[in-house]
Amino acid sequence: MASDEASAPAADRIRVVGKWVGALEVDLGAWTVPMLREEVARRVGDGVEPDRVGLIFGGRVLKDDPPASLREAGLKGNAKVLCSLNSPDRAKEIAAEAAKAKAEEEHAARLVRLWDAAKALSQRHTDGSFLEDEDYNLDLEDQSGQKVMFGSVEDMKALKMALMLHQKGKTQMKKKMYKEALDVLTMAEEAFSLCDSKLIEKVDNVPMLQLDIVWCYFVLRDVSCLEVAGTRLEKARVGFERSHGKDSSRFRVLQAGRQADLAIYVRLELLEGVVAYYNGHAEKARGSLTSAQAKYLQLQVPDEAISMLMDMGYEARSAKRALKMTGYDIQSSVDLLCEEREKKIRRREEDRERQREILEQMRYGRTPTNKAVDLQKLKGLTTIGFEKYLAAEALRINENDAEKALDLLTNPEQNCILQSKIQAKRSRASRGSSSSRAAAARTAPINNSQASVSAPSHAVDGNAPPHARDGNPPEGNDADGNLPEGNDADGNPLEGNDAQLLDSEEAMINEETANEDEETANEDVDMTDEVAVVDERSNSNPVPARDVSMESELAHDLTGDALDDYDIDVSDEGQAIAEYLSLLESAATASS
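Just so we're clear, the structure is a prediction, and the values are computed from it rather than from any experiment.

Asks: Mind showing me how you'd approach the overall build of the chain here?
Replies: The number of helices and strands found in the chain is 23 helices and seven strands. Here the chain, with 592 residues, has 46% of them falling under the buried criterion. A separation of at least 24 residues holds for 69% of the contacts in the chain among residues at least 6 apart in sequence. Summed over all atoms, the accessible surface of the chain reaches about 29,200 Å², with 51% contributed by carbon and sulfur.

Asks: How should I be thinking about the packing of helix H16 (residues 388–397) against helix H17 (residues 402–410) in this particular structure?
Replies: Helix packing geometry: the angle between the two helix axes and the distance between the axes. Contact geometry of H16 with H17 gives a least axis separation of 8 Å together with a crossing angle of 125°. Comparing the axis directions of H16 and H17 gives the class oblique. At the point where H16 passes H17, the crossing takes the right-handed sense. Every residue of H17 that contacts H16 at Leu390, Ala391, Ala394, Leu395 and Ile397 is listed here: Ala402, Ala405, Leu408 and Leu409. A breakdown of the residues in the contact of H16 with H17 according to their chemical character gives nine nonpolar, no polar and no charged.

Asks: In this structure, what is going on with the packing of aromatic side chains? I would like to understand it.
Replies: Aromatic ring pairs are reported here in terms of the distance separating the ring centres and the angle at which the planes meet. Tallying each qualifying case throughout the model produces six aromatic pairs. With centroids separated by 5.7 Å and ring planes inclined at 55°, the aromatic side chains of phenylalanine 240 and tyrosine 265 adopt a geometry described as tilted. Of this pair, phenylalanine 240 sits in helix H8 (residues 226–244) while tyrosine 265 sits in helix H10 (residues 262–278); the two residues are 25 residues apart in sequence, bridging distant segments of the chain. Exposure class is identical for phenylalanine 240 and tyrosine 265. Each is buried. Through successive ring pairs, a cluster of aromatic residues spans Trp215, Phe218, Tyr277, Tyr278 and Tyr580. Against the face of phenylalanine 218 rests arginine 221, its NZ or CZ located 4.7 Å from the ring centre. For arginine 267, the ring lying beneath its charged end belongs to tryptophan 215, and the centroid distance is 4.3 Å.

Asks: What am I meant to see in unusual backbone geometry here?
Replies: Glycine aside, negative phi is the norm for most residues, and most peptide bonds take the trans geometry. Located in the positive-phi region is asparagine 78, a residue other than glycine, with phi close to 65°. Note that asparagine 78 resides in the loop between strand S4 (60–61) and strand S5 (80–85). A positive phi angle, near 65°, is found at asparagine 400, a position not held by glycine. Mapped onto the secondary structure, asparagine 400 falls in the loop between H16 and H17.

Asks: Explain the packing of helix H7 (residues 205–219) against H8 to me, please; I cannot follow it from the model alone.
Replies: Direction vectors running N to C along H7 and H8 enclose 150°, while the axes themselves pass 8 Å from each other. Considering the angle they form, H7 stands roughly antiparallel to H8. Judged by the twist between their axes, the crossing of H7 over H8 is left-handed. In this structure, H7 uses Pro207, Met208, Gln210, Leu211, Ile213, Val214 and Tyr217 to contact H8, whose residues at the interface are Val228, Ala229, Arg232, Leu233, Lys235, Ala236, Gly239 and Phe240. Per-class residue counts for the contact of H7 with H8 are 11 nonpolar, two polar and two charged.

Asks: Would you mind showing me how to read the sheet that holds strand S3 (residues 53–57) here?
Replies: Taken in spatial order, the five strands line up as S2-S1-S5-S3-S4 in an open sheet, and their pairing is mixed. Edge positions in the sheet fall to strand S2 (22–26) and S4, since each has one partner strand and no second. With five bridges joining them, strand S1 (residues 12–18) and S2 adopt antiparallel strand pairing. Among the inter-strand pairings, aspartate 12 is bridged to a residue of S2, identified as valine 26. Of the strands in this sheet, S1, S2, S3 and S5 are in contact with helix H2 (residues 33–44), which crosses S3 at around 120°.

Asks: Would you mind going over the pairing of S2 with me for this structure?
Replies: Strand residues, when the strand is regular, have side chains that alternate between the two faces of the sheet. Of the two faces of S2, only the one carrying Gly22, Leu24 and Val26 is buried; Ala23 and Glu25 on the other face are not. Between S1 and S2, which pair antiparallel in sequence order, lie three residues.

Asks: Would you mind going over the pattern of salt bridges with me for this structure?
Replies: Where charged atoms from two side chains of opposite charge approach closely, those side chains can pair. Inspection of the entire model under this criterion finds 24 salt bridges. Here lysine 168 and glutamate 553 are joined by a salt bridge, their closest N and O atoms 2.4 Å apart. Of this pair, lysine 168 sits in helix H4 (residues 153–174) while glutamate 553 is found in helix H22 (residues 548–556), placing the two residues 385 residues apart along the sequence. Assessed through its relative accessible area of 13%, glutamate 553 is described here as buried. Among the salt bridges present, the one from glutamate 241 reaches lysine 246, with a minimum N-O distance of 3.9 Å. Among the residues examined, glutamate 241 registers a relative accessible area of 38% and is labelled partly exposed. What you see here is one network of salt bridges that share partners, running through Arg110, Lys168, Glu553 and Asp557.

Asks: Just to check I follow, could you spell out H10 for this structure?
Replies: Helical geometry note: an α-helix holds 3.6 residues per turn, so side chains three or four residues apart project in the same direction. The first and last C-alpha atoms of H10 sit 25 Å apart over 17 residues, in line with the 24 Å expected at 1.5 Å per residue. Backbone geometry just downstream of H10 places glycine 280 in the positive-phi region, at approximately 85°.

Asks: Just checking my understanding: could you explain the nonpolar core for this structure?
Replies: Soluble, globular proteins show a tendency: their nonpolar side chains are buried together. Among the nonpolar cores identified, the biggest contains 88 residues, and Leu114, Leu159, Leu165, Phe240 and Tyr566 are the most heavily contacted of them. In terms of residue count, the dominant contributor to this core is H10 (11 residues). If you look at the next biggest cluster of nonpolar residues, it comprises 22 residues, including Ile14, Trp20, Val33 and Ala73.

Asks: Sorry, what's going on with H4 here?
Replies: For H4, with 22 residues, the first-to-last C-alpha span of 32 Å sits near the 32 Å given by 1.5 Å per residue. Judged by how many residues are buried, H4 sits mostly within the fold: 19 of 22 residues are covered.

Asks: Looking at this structure, I do not really get a nonpolar patch on the surface. What am I missing?
Replies: Judged by side-chain polarity, Ile56, Val61 and Leu82 come together as a nonpolar surface patch covering roughly 230 Å² of accessible area. Here valine 61 is to be found in strand S4.

Asks: What should I look at first to understand the pairing of S3 in this one?
Replies: A large share of S3 lies buried, amounting to four of its five residues. As paired strands, S3 and S5 are joined by four bridges and run antiparallel to one another. Pairing of leucine 55 across the sheet is with cysteine 83, part of S5. In terms of strand pairing, S3 meets S4 through two bridges, oriented antiparallel. Bridge pairing in S4 links isoleucine 56 to valine 61. The antiparallel hairpin formed by S3 and S4 contains two residues in its connecting segment, where glycine 58 sits at a positive phi of about 60°.

About the criteria used
- Residues numbered from 1 in each chain as written.
- Predicted model: local features only at pLDDT ≥ 70, side-chain atom pairs only at ≥ 80, totals over all residues.
- Heavy atoms only, no water.
- Helix = DSSP H or I, 4+ residues; strand = E, 2+ residues; numbered from the N terminus.
- Buried < 20%, exposed > 50% of the residue type's maximum accessible area, 1.4 Å probe, protein only.
- Contact = heavy atoms within 4.5 Å.
- Areas by Shrake-Rupley, 256 points an atom, 1.4 Å probe, with all protein chains shown as cover.
- Axes fitted to C-alpha atoms, helices over the stretch in contact; angles between N-to-C directions.
- Parallel < 35°, antiparallel > 145°, perpendicular 65-115°, else oblique.
- Left-handed = near helix turned anticlockwise from the far one by under 90°.
- Nonpolar A, V, L, I, M, F, W, Y, C, P; charged D, E, K, R; others polar.
- Phe/Tyr/Trp six-rings, centres within 6.5 Å; stacked < 30°, edge-to-face > 60°.
- Lys NZ or Arg CZ within 6 Å of the ring centre and 35° of its normal.
- Pairing = 2+ DSSP bridges.
- Salt bridge = Lys/Arg side-chain N within 4 Å of Asp/Glu carboxyl O.
- Expected span 1.5 Å × (residues − 1).
- Core = buried A, V, L, I, M, F, W, Y, C linked by side-chain atoms within 4.5 Å.
- Patch = residues over 30% accessible without salt bridge, like charges linked within 9 Å, V, L, I, M, F, W, Y side chains within 5 Å.

Honestly, it's all geometry; don't read function into it.
Right, here's the structure in full:
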């Protein structure tokens, strides 16, 4: 017994004063602040909750987070701790403040993750960096779906980053998360500022962003932003006029006479009227609101017109959108719906082709800086007579520098050395598991869910907002709200002949892909053996750590719908217009 007592750790004594006075024997290394708080609450009695007990030591409040031991909190033997007892309401206030502070900290951390993920995506999908496990590809497109080059490489990175953040903010707006959206939209504005202003002044992405930010102000009823809201709306008005033309004349020509931008101007003129109202400019406010109301009424689609299109096999939402953008013209609406169907088919073909390219790039491995082999430059070298596997390796080791690769290939001595190295490594690979590698190359984890950021059309192309496409998302909606395969860009099932055409097109592409794989099976084995030339472990620049979940969230927020920015449900705007016109009438009546 004496031996057991001697081996037990000696308890430390601390003195507690204040609401409860007494001495406690504690193990400073094992006890935590929450444990001490609970013990003091128990000694106080009367059913006091631990969160009402405040503990102060050495002039500072002892906190539960992080849950450190008392010794780590600075307590020693015979330490004196002051305890206080907060009122129940005050305890709730403290808990609420702590929860709010924690939520703000988490929100700030999430914004940092968003920025870093958007930056990483824009970097990789501009400079050709290569990731085998990435199942999407981001490109800039104009409104017609054509890929575009936009200024310098740095401009393209900044623009892709801004478009992804802007789309994320719009997704949050649709979910009524306006406070969160405002922070993300502000980051998108910062990313746009990194672009050359002369390159983006003729597109409507930036004025659209200004309008979205002010709409968040309005929904949040943030009157403190009234002055800056007016400035932002002026910038939006100037930007829209520059990109759309005076009275949208240029936009109408490029859109074949359609009024797809009408909803934008409903929101713009409403907000201009609201700012004028609060600044005391009643007549200016009335003029803006009256104009907004007239445009709002033009967007009220008759049920009979929707029924006519639905009878043709189109889904109600798609029919309504087409009618709004064509001024209820049935034939123009059908033409628009047919154009959208053709774009979907073309996108799917492009996605399949890009998949084949990614699979081919995977066979050649990465350059020393983790970039994929440039297939266009590879095609140029094979066109002049060099074998593909040899040209690919020459490009790979020369960081896709076509001139250096050509110099290597045309130098007999270096060419011979390169072939010898390739053959030696292929021989080592064939003694290992070349067949399993070939199978792995043909079934690489690249699925059909390719997203692309499409830039707005510029001076020649028509000034569309940022678009994205999502080729074939997984079945069912995922955690990010992605739509199942076969839905259109609005989230609606494909209508009638649209679905049949897309299904037949996909079947044809699948069959074509299968045939190509079968015909080139032996070639795949050879190409996969050539991957052995690339010792990934020897790369001097390893792939940086990725925030996979945040990158995927950003990529899958991209809708693929070229008209998504113009398809605004103006029901809230209609109510606000009526509300402020009524306020103006009441003010006029009172003054008279």
